[in-house]
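In case you want the letters, here they are:
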Amino acid sequence: MATKKEQTPKIYFLDVTNRDGVQTAKLGLSKLEKTMINIYLNEMGVFQSEFGFPTTRHEARYLEANLELAKMGVLKPIRLEGWIRAIVEDVKTAFKFVPNIKHLNLSISTSEQMLKGKFRGKKTEDDIIKDMTDAVDAARALGAESVGVNAEDASRTELGFLVKFGQAAKEHGAARLRYCDTLGYDNPFSIYETMKALAENVGIALEVHCHGDLGMAVANSLAGAKGTVDGGQDAYINTTVNGIGERAGNADLVATVLALNKSKSFAKNYQLGNPIKLAVAAKIAEFASYAFDVPIPLNQPGVGANAFAHASGIHADGVLKDPENYELYSYKELGRGKPKFVETGREIISGQYSGIAGFRHLMGKMNVTFGTKDEAADILELVRYANVQSHKPLVEDELLFIAKYPHIAQKVLTQTPLVLETM
Ligand SMILES: [Zn+2]
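The numbering scheme is per chain: residues are counted from 1 as the chain's sequence reads. For this predicted model, a pLDDT threshold of at least 70 governs which residues receive local features, and a threshold of 80 or more governs which side-chain atom pairs are given and counted, while totals over whole chains, interfaces and linings are taken from all residues. The side-chain figures draw on all heavy atoms in the structure; neither hydrogens nor water molecules are used.

A.B. asks: Please provide a residue-by-residue account of the overall build of the protein, values included.
C.D. replies: By the criteria applied, helices consist of DSSP H or I runs no shorter than four residues and strands consist of E runs no shorter than two, each listed in order from the N terminus. A tally of regular secondary structure across the protein gives 16 helices and eight strands. The quantity called the radius of gyration is restricted to C-alpha atoms. Its globule counterpart is 2.2 Å times the number of residues to the power 0.38. Taking 22 Å as the expected radius of gyration for a compact globule of 423 residues, we find that the protein reaches 23 Å, a close match to that expectation. If one aligns the C-alpha atoms of the protein with their principal axes, the spans along those axes are about 70 × 65 × 40 Å. Classification of the 423 residues of the protein by burial places 52% in the buried group. When accessible area is computed with a 1.4 Å probe and restricted to protein chains, residues below 20% of their type maximum are described as buried, those above 50% as exposed, and intermediate ones as partly exposed.

Structure (structure tokens):
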């Protein structure tokens, strides 16, 4: 049996909006929108952002530019980590496309279902372990500072094999094992037991990655984290903003933070690794909703339009006498309650075909002025390109970001498709 950590294990947040979220069918984010998500996650105090796909050509410049932001201290202290398959070829491609990448998560299926149904019996359990350990070795040899290993479909994998898989990952220097409930198959009771056993028997920090196919993503995340900590290891909860993710989605970031902090007795017994600023919740949820073009459900915990609305006589009377009568937490904690400016008259907004006069007007409203005509024209050019990618007016924070970091914005927005040699 593996030894327990000497310090009390803690719970961290690892957001995967920019990987699992953007893999969602029918949805996507522009590279600038992904950058903004990283900025808000950092502001919120999230430990790590799975910021994209380093083996995908069109991601490379965005990833490098965000790593540059980290170096500049703009994306600090958040850790930026790329997701790839657990094969040596992907590791090599990742370092070729994104040479400055420092943190990677390597993913491979582990369940019997996937071995039979996906790999069609061409891979044995030993092959899976060999692919994974070779990939971990390669990542470390090429300079990865931290490597996480993902067991895809872990909840349908036999525990004995998961332990063996985790031990091999640990022996090869992986920092964490991600337990993926890929199909949302677990319940809080099953995931607690499995993750506790994994923590105890492998002795490695665990990530809990839950999906909502049975409506239990947040509850399962909490139970998985509890099992991990009870088993003596640090837990890393995977979330996405507004729960956007494949099929029925992932554990929602804000709801999971609330569940951890506000549910009965949990926060008394389990500690967060780094404090989460809930005050950023409304902002990040609204931005993600706008960027993905998916409305926040009316009854979404914390950030839904009805989360603090009261109509019935008894509730309204009660909440007016003392908010705690009918509210578990305050809207102010989530960054709500500030007046919102909604233009009801003439609107000047950014677009792909914006001109200099409109642009200067727009920026002037945010007290941004330009030294020269050329400088304003350059920033406008970047704003136009950002609009080409996002197909909607940029929000103030995006415009301010481009004006403040034009060289980074240029990298984020630049796409160079392959030169086709066959045509
Ligand atoms: Zn997932």
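A.B. asks: Which residues make up the pairing of strand β5 (residues 146-152), and what are the values?
C.D. replies: Regular strands place their side chains on alternate faces of the sheet. In terms of burial, β5 is largely enclosed, as six of its seven residues are buried. By the bridge criterion, seven bridges tie strand β4 (residues 103-109) to β5 in an arrangement that is parallel. Considered in β5, the bridge of Ser-107 is made with Asn-150. Where β5 meets strand β6 (residues 176-181), four bridges bridge the pair, whose relative direction is parallel. The residue of β6 that forms the bridge with Asn-150 is Arg-178. Running through helix α6 (residues 159-171), the crossover from β5 to the neighbouring parallel element β6 is right-handed. Here, a strand pair is defined by DSSP locating no fewer than two bridges between the strands. Crossovers are marked right-handed if the path from the first strand over the helix to the second runs clockwise, as seen with the strands pointing away from the viewer.

A.B. asks: Give a detailed account of the side chain of Ser-109, specifying residues and quantitative values.
C.D. replies: Among the structural elements, Ser-109 can be located in strand β4. Classification of Ser-109 by relative accessible area gives buried; the value is 1%. At 2.8 Å, the side chain of Ser-109 and the side chain of Lys-118 are in polar contact. The residues contacting Ser-109, other than those within four sequence positions of it, are Met-114, Leu-115, Lys-118, Phe-119, Ile-128 and Glu-152. For the purposes of these results, a polar contact is taken to be a pair of N or O atoms within 3.5 Å, where, inside protein, one atom must be able to donate a hydrogen and its partner to accept one; residues adjacent in sequence count only when each atom of the pair is a side-chain atom. Two residues form a contact once any of their heavy atoms are found within 4.5 Å.

A.B. asks: An account of the coordination of the zinc ion is needed here, citing residue identities and associated values.
C.D. replies: Listed donor atoms are N, O and S within 2.8 Å of the metal (Na, K and Ca: 3.2 Å). As water is not included, a site may look incomplete. Only Asp-20 (OD), His-209 (NE2) and His-211 (NE2) from the protein reach the zinc ion as donors, at distances of 2.0 to 2.1 Å. In primary-sequence terms, the residues that donate to the zinc ion follow D-x188-H-x1-H. Highlighted residues: Asp-20 in the loop between β1 (11-15) and α1 (31-44) and His-211 in the loop between β7 (205-210) and α8 (217-230), separated in sequence by 191 residues. For the pair formed by Asp-20 and His-211, the shared burial category is buried.

A.B. asks: Which residues make up the layout of surface pockets, and what are the values?
C.D. replies: Residues are called lining when one of their atoms sits within 4 Å of a cavity or pocket point, these points coming from a 1 Å grid over the protein atoms alone, where a cavity is a set in which a 1.4 Å probe fits but cannot get out and a pocket is an open set with protein on both sides within 12 Å along at least five of seven lines. Grid points are joined across faces, edges and corners, and a volume is the space filled by probe spheres set on the points. Considering only enclosed or pocket space, the largest pocket measures out at about 1,400 Å³ in volume. Contributing to the lining of the largest pocket are 35 residues, with Glu-286, Lys-340, Phe-341, Val-395 and Glu-396 lying nearest its centre. At six residues, helix α11 (residues 281-292) tops the list of elements feeding residues into the lining of the largest pocket. Each residue gets one of three labels, nonpolar for Ala, Val, Leu, Ile, Met, Phe, Trp, Tyr, Cys and Pro, charged for Asp, Glu, Lys and Arg, and polar for the others, Gly among them. Along the lines of polarity and charge, the residues of the lining of the largest pocket split into 20 nonpolar, four polar and 11 charged.

A.B. asks: Break down helix α13 (residues 356-364) for me, with residues and values.
C.D. replies: Taken residue by residue, α13 has Phe-359, Leu-362 and Met-363 as its buried positions. One side of α13 carries all its buried residues, which in axial view fall inside an arc of 90°. For α13, the secondary structure elements touched by its buried residues are α14 (373-390) and α15 (396-404). When we speak of the arc, we mean the arc of directions from the helix axis to the C-beta atoms.

A.B. asks: Kindly report on the pattern of salt bridges, identifying the contributing residues and their values.
C.D. replies: Here a salt bridge means any side-chain nitrogen of Lys or Arg lying within 4 Å of a carboxyl oxygen belonging to Asp or Glu. If you walk through the whole model with that rule in mind, you get 24 salt bridges. Measuring nitrogen to oxygen at the nearest pair gives 2.6 Å for the salt bridge that ties Glu-59 to Lys-31. Of this pair, Glu-59 sits in helix α2 (residues 57-71) while Lys-31 sits in helix α1, and the two are 28 residues apart along the sequence. Taking relative accessible area as the criterion, Glu-59 reaches 2% and is therefore assigned buried. Put simply, Arg-19, Asp-20, Glu-50, Arg-176, Arg-178 and Glu-207 are held in one network by salt bridges that share partners.

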